[in-house]
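Fold and geometry: a report
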Amino acid sequence: MNYIDTHCHLDGEEFRDDLELVVQRAREAGCKAIFIPAIDLPSCQTVIDVCTRYPHYCYPMLGLHPEEVRDDWRDVLSTLNSQLSTLNCLAIGEVGLDFYWSREFEKEQLLAFEEQVRWAVELQIPLMIHCRKAQNELVSILKRYANDLPGGVFHCFTGNEQEARQLLEFPRFVLGIGGVSTFKKSHLPEVLPACVPLDRIVLETDAPYMAPVPLRGQRNEPAFIRHVITRLAGAYGVTEEEICRHTNENVTKVFGIQI
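Residues numbered from 1 in each chain as written. Predicted model: local features only at pLDDT ≥ 70, side-chain atom pairs only at ≥ 80, totals over all residues. Heavy atoms only, no water.

1. Comments concerning the overall build of the protein chain
As a reminder of what qualifies: Helix and strand definitions here come from DSSP, where helices need a minimum of 4 consecutive H or I residues and strands a minimum of 2 consecutive E residues; each element is numbered from the N-terminal end. Between the two quantities, the radius of gyration covers C-alpha atoms and the globule rule is 2.2 Å times the number of residues to the power 0.38. Buried residues are those whose accessible area, probed at 1.4 Å on protein chains only, stays under 20% of the maximum for their type, while exposed residues exceed 50% and partly exposed ones sit between those limits. Working rule for contacts: check all heavy atoms of both residues, and any pair within 4.5 Å makes them a contact. Here the open area of atoms and residues is found with the Shrake-Rupley method and a 1.4 Å probe, where only the protein chains shown may cover a residue.
Regarding its fold elements, the protein chain presents nine helices and eight strands. Expected size for 259 residues packed as a compact globule is a radius of gyration near 18 Å; at 17 Å, the protein chain falls within 12% of this value. In terms of overall dimensions, the protein chain has C-alpha extents of about 45 × 40 × 35 Å along its principal axes. Taken across its 259 residues, the protein chain has 56% of its residues classed as buried. Here the analysis covers contacts within the protein chain between residues at least 6 apart in sequence; of these, 75% occur between residues at least 24 apart. Here the protein chain displays about 11,700 Å² of accessible surface, and carbon together with sulfur accounts for 47% of that area.

2. A look at the packing of helix H8 (residues 225-236) against helix H9 (residues 240-255)
Cut-off, in case you're wondering: Axis angles are defined between N-to-C directions and span 0 to 180 degrees, where every axis is a line fitted to C-alpha atoms and, for a helix, only to the segment in contact. When describing relative orientation, an angle under 35 degrees is termed roughly parallel and one over 145 degrees roughly antiparallel, while 65 to 115 degrees is termed roughly perpendicular and anything else oblique. The nonpolar class holds Ala, Val, Leu, Ile, Met, Phe, Trp, Tyr, Cys and Pro. Asp, Glu, Lys and Arg form the charged class, and all remaining residues, Gly among them, are polar.
Direction vectors running N to C along H8 and H9 enclose 100°, while the axes themselves pass 8 Å from each other. Of the possible angle classes, the one that applies to H8 and H9 is roughly perpendicular. Counted together, Ile229, Thr230, Leu232, Ala233 and Tyr236 of H8 and Glu240, Ile243 and Cys244 of H9 form the full contact between these two elements. Residue composition of the contact of H8 with H9, grouped by class: six nonpolar, one polar and one charged.

3. Concerning the pattern of salt bridges
Rules: A pair is scored as a salt bridge if a Lys or Arg side-chain nitrogen falls within 4 Å of a carboxyl oxygen belonging to Asp or Glu.
Counted under the stated rule, the structure contains 17 salt bridges. Among the salt bridges present, the one from Arg16 reaches Asp17, with a minimum N-O distance of 3.6 Å. Since its relative accessible area comes to 70%, Asp17 is described here as exposed. Overlapping salt bridges bring together Asp18, Arg25, Arg219 and Glu221 as one network.

4. Concerning the packing of aromatic side chains
Operational definition: Pairing of aromatic rings covers Phe, Tyr and the six-membered ring of Trp, with a centre-to-centre limit of 6.5 Å; geometry is then stacked below 30 degrees between planes, edge-to-face above 60, and tilted otherwise.
According to the stated counting rule, one finds six aromatic pairs in the structure shown. Where Phe154 meets Phe173, the ring centres are 4.9 Å apart and the plane angle is 25°; that geometry is what we call stacked. Within this pair, whereas Phe154 is found in strand S6 (residues 152-154), its partner Phe173 is found in strand S7 (residues 173-177), the two being separated by 19 residues in sequence. Classification of Phe154 as buried rests on a relative accessible area of 3%. According to the relative accessible area criterion, Phe173 is buried, its value standing at 1%. Ring geometry for Phe170 and Phe173: centres 6.2 Å apart, planes at 70°, overall edge-to-face. The burial state of Phe170 is the same as that of Phe173; both residues are buried. The rings of Phe35, Tyr59 and Phe255 are connected pair by pair, giving a single aromatic cluster.

5. Structural notes on the packing of helix H3 (residues 73-84) against helix H4 (residues 106-123)
For clarity, the cut-off: Crossings are assigned a handedness: left-handed for a near helix turned anticlockwise from the far helix by less than a right angle, right-handed for a clockwise turn.
Following both chains from N to C, one finds H3 and H4 inclined at 15°, their axes separated by 11 Å at the closest point. Taken together, the axes of H3 and H4 lie roughly parallel to each other. Between H3 and H4 lies a crossing of right-handed hand. Residues Trp73, Arg74, Leu77, Leu80, Asn81 and Leu84 of H3 pack against Glu108, Leu111, Ala112, Glu115, Gln116, Trp119 and Leu123 of H4.

Set out below in structure tokens:
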């Protein structure tokens, strides 16, 4: 069983003491690649460091996370843009909108997200999109560039059928599915088969966050995706190998790389 973790914060402090063991367990579990998103300027360097340590296994994505947007967002993006031009980045991310805790920097978030969407269009690099309590605003921005968007992932999808159908109207995008799908109160096992075909999902951990059942509450890591694969196979009524095959093919289509 081979799979790809399309969203993992392997550069975080949570993995500082045992990164080598985490990567070893991922390889042994069948994880063939790990995509690592930056969230701000300091993490751009830590992401690059991890990807340099594990070439052709860990792949960088650079972006400004919405919760990290402040008044200085223009300066931050200027520096980020200069790094994009010199580094071989897999995607622009983790970017998006998040109004869950606060709308203090709502205007700045909207402007920063749209600027990074423009980068994706100009460079034809996919987007890794974070969205929480802001789907209407996010869709509104994306629609302005609908014909030119290169595609990407709506990371950590946890919504209902209506929200899924709205996001899937962007044809080159897929939904990132992780540990939430295994939670007792999650509706994803019903929502996904009802309206999301297997050619529109990819696998992710968002590690160290959101470990799947039966490991919920622990530090998440790429090896744990096997529990997500099992849950999705049961929900769709297919084999675990089919889940892996489809999601791996989807990674190739969205990111343009064969792993």
